There are 2 protein chains.
Amino acid sequence: MRELTIDLGDRSYPIYIGEGLLDQIASYFDKHGLSKKSPLFIVSDSNVAPRFLPKVQQKLEEGGYRVVTAVVPSGESSKSLAQFEQLITEALQAGLDRNSAVIALGGGVVGDLAGYVAAAYMRGIRFIQIPTTILAHDSSVGGKVAVNHPLAKNIIGAFHQPEMVFYDLATLQTLPEREVKSGLAEVVKHGLIWDTEFVDWIDAHADKLLALDAEALGYALYKGCSVKAAVVSQDERENDLRAILNLGHTIGHALEAVANYNELQHGEAISIGMVGSAILGVELGAPQEVYEVTKRVLQRCGLPVRLPEHLDTDEIMEAMMHDKKFKEGHMVYIIPTAIGKVEINKAMSAERVRAVVEQLKKEG
Amino acid sequence: MRELTIDLGDRSYPIYIGEGLLDQIASYFDKHGLSKKSPLFIVSDSNVAPRFLPKVQQKLEEGGYRVVTAVVPSGESSKSLAQFEQLITEALQAGLDRNSAVIALGGGVVGDLAGYVAAAYMRGIRFIQIPTTILAHDSSVGGKVAVNHPLAKNIIGAFHQPEMVFYDLATLQTLPEREVKSGLAEVVKHGLIWDTEFVDWIDAHADKLLALDAEALGYALYKGCSVKAAVVSQDERENDLRAILNLGHTIGHALEAVANYNELQHGEAISIGMVGSAILGVELGAPQEVYEVTKRVLQRCGLPVRLPEHLDTDEIMEAMMHDKKFKEGHMVYIIPTAIGKVEINKAMSAERVRAVVEQLKKEG
């Protein structure tokens, strides 16, 4: 079992990573002093709930906890204000009080949605993450929670740190192949922004990761969480440094939006976005290998590097204008200067970005 | 001009109180470094907007600021998730970004609603309060923002501290008499929980306050804000001490809910609630004068002390069970032990509260 502490002063919390952790969940809850009188509210989705919810519920009830559950439809469309309201209603009806906790059992969508319920309910109650995807290693560090608005992703949200993150590698064994690959995109990102040796390690172990080798996966998640933790600890509210975590996300979020949040998975969209950032980086003076290594590692992880041609360039540019990273008329871009190193460019011209979007349609 | 600093470390902010302050609003915004490139989003209501919105907008635009506005229907019913969503949509359409600020121009409803928009939009942007009621002196300190759910008041919200609070006493001159009285209820509360001399001062100056004497009003608001600031500075997240600000609110919120948020104003409801707390206090050993002074000062401020008989006792008790102050099966009550002094009672029996609710129907 690996343990990692996210250091945020009095909001610090641990991430536990290991195989079979769910069997001991009640003892971890005891250790964290969760209330056995106030109900725990487990939120999961229609994909994950049949596989893991009965076990989590049973283990907690055996440990003396009161459990209520809610299952939302799987997929990004559940990250809506309507679904948020429905969960608040269920929480009220179940009698959740200030000593209750909301538990997210699932991937990033469930984490963001349930986390925002925890952030908003009675102005904030305790929150615990049980991520069941690789991708969620990213959203499980940093306390960002949110729902989407039809006009923009993650626009309604909060910073709400979890009490703990509980990563049972056994839950990853049934992940569909496409989601495994998509999840690796954020792992690669954490290497690209911070740690050239980790990028080399991924390059060498991509096959093991794709085969869901528990040792390799545990190490990759630990490293990915560590990079994110190092960044977040230095800049909890995204004033500056934290922005580097957005490598590939400005283009990526726009692609997701224009593809109606269903054609492209998040990891696929930011994979294409990271190739775009690498092209911009090389144009601005980074060595050519930044582009080559970025593209190679992503492809080794089975990720797309080409932007689907039928996505309209005008719509993509328009979607970027609504992004939170668009500040006072300038586009803010995270640009690699070397493998493992990026800089924040606050004056990227829209013309240059448009040219890269066109170029990404010809990658292969 | 009186100035008061709410001391919350790096979230500290000033409250400016004075007559005619709105004329200089642009220079205050300059002083606080607000952006002239990113739009400011002024939220007001249908009562307040016709009187003050054109002036605020004009003064800011003259100062070089970009202003967009939204006007919501006046009244508690605007503190809804639907209205919140509508404002988020308007903010997105107006191109608000991370350097924008949301400005609440109005009473507590507008402050809570606009404040929650500021807290949630892009996970939190700057927030400025321009209170136009006496009651709002209370909600302008402490950072509590929220909307209501049909099942419970203020259940969806956040702690989001304003950048500054801007109290122009001139805006209070057109307040309807009933709102003046209602606002004084929170002023009285701040005396009752903290400052026996301030209670005596209110007792002696109630007539001047009701006549909207600017000097008396400025002092009362300054003192009320000071008491709240002292409490909040010591306990920002309502772990313990801050709960004393809820004097009269457990019963008060229940009355508002059972009266469908329209028959009783907030201040009227907590006035009745504070008399209830005084009765409980005397029953538990406080001197008889706690009840007598509480009742006399509230009545001198023109506030009701009798619970309307047609409000059903069962419904009132049921509404209290949904209150955030109901923790793990016990009722938490704020109980006076003397004038200017209260204690937190965490084991109040529902039977005793029910008897007091019945008794309040016979007050006069």
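Conventions and cut-offs
- Residues numbered from 1 in each chain as written.
- Chains lettered and ligands numbered in written order.
- Predicted model: local features only at pLDDT ≥ 70, side-chain atom pairs only at ≥ 80, totals over all residues.
- Heavy atoms only, no water.
- Domains from an automatic or database assignment.
- Buried area = accessible area lost by both parts, 1.4 Å probe.
- Salt bridge = Lys/Arg side-chain N within 4 Å of Asp/Glu carboxyl O.
- Polar contact = N/O pair within 3.5 Å; in protein donor to acceptor, adjacent residues only side chain to side chain.
- Helix = DSSP H or I, 4+ residues; strand = E, 2+ residues; numbered from the N terminus.
- Nonpolar A, V, L, I, M, F, W, Y, C, P; charged D, E, K, R; others polar.
- Buried < 20%, exposed > 50% of the residue type's maximum accessible area, 1.4 Å probe, protein only.
- Core = buried A, V, L, I, M, F, W, Y, C linked by side-chain atoms within 4.5 Å.
- Contact = heavy atoms within 4.5 Å.

Participant: Can you help me understand the domain arrangement of chain A in this one?
Facilitator: Where interface size is given, it is often the accessible area lost as the parts come together that is meant. Residue and element names in this part refer to chain A. If you check the domain split of chain A, you get domain 1 (2-172) and domain 2 (177-360). Distance between the C-alpha centres of domain 1 and domain 2: 26 Å. When domain 1 packs against domain 2, close to 3,000 Å² is buried across both sides, 65% of that on carbon and sulfur atoms. Of all residues in domain 1, the largest losses of buried area upon contact with domain 2 belong to R2, I134 and H137, amounting jointly to 22% of the total for that side. Where domain 1 packs against domain 2, one counts four salt bridges. Between E215 and R2 there is a salt bridge whose closest N-O contact spans 3.2 Å. Across the contact surface, domain 1 and domain 2 share eight residue pairs in polar contact (both at pLDDT 80 or more). Going through the elements one at a time, β1 (2-6), β2 (13-18), α5 (136-139) and β8 (152-159) are the ones with two or more residues in the side of domain 1 that touches domain 2. In terms of residue class, the side of domain 1 that touches domain 2 is made up of 15 nonpolar, six polar and nine charged.

Participant: Mind showing me how you'd approach the side chain of A:H190 here?
Facilitator: Residues and elements named next belong to chain A. Following the sequence through the fold, H190 ends up in helix α6 (residues 177-194). Residue class for H190 comes out buried when judged on its relative accessible area of 0%. A polar atom in the side chain of H190 sits 3.1 Å from the side chain of H137.

Participant: What is the right way to look at the nonpolar core in this model?
Facilitator: Most often, soluble globular proteins keep nonpolar side chains buried together rather than apart. Of all hydrophobic cores here, the largest spans 81 residues; its most connected members are B:I15, B:I134, B:I202, B:L255, B:I316, B:M320 and B:Y333. Shared between two domains, this core takes at least three residues from each, and those domains are domain 1 (2-174) and domain 2 (178-360) of chain B. By size, the runner-up hydrophobic cluster in this structure holds 80 residues, among which are A:L221, A:A229, A:I272 and A:L311.

Participant: I tried to follow the interface of chain B and chain A on my own but got confused; where do I start?
Facilitator: Each partner contributes to the interface: chain B provides 38 residues, whereas chain A provides 38 residues. Roughly 3,600 Å² of surface becomes buried between chain B and chain A when both sides are summed, with 57% attributable to carbon and sulfur atoms. Summed over the shared surface of chain B and chain A, the number is zero salt bridges. Applying the counting criterion to the chain B and chain A interface returns nine residue pairs in polar contact (both at pLDDT 80 or more). Elements that contribute at least two residues to the side of chain B that touches chain A include exactly α3 (81-93), α4 (108-120), β7 (144-149), β8 (152-159) and β10 (326-327) of chain B. For the side of chain B that touches chain A, the per-class residue count stands at 18 nonpolar, nine polar and 11 charged.

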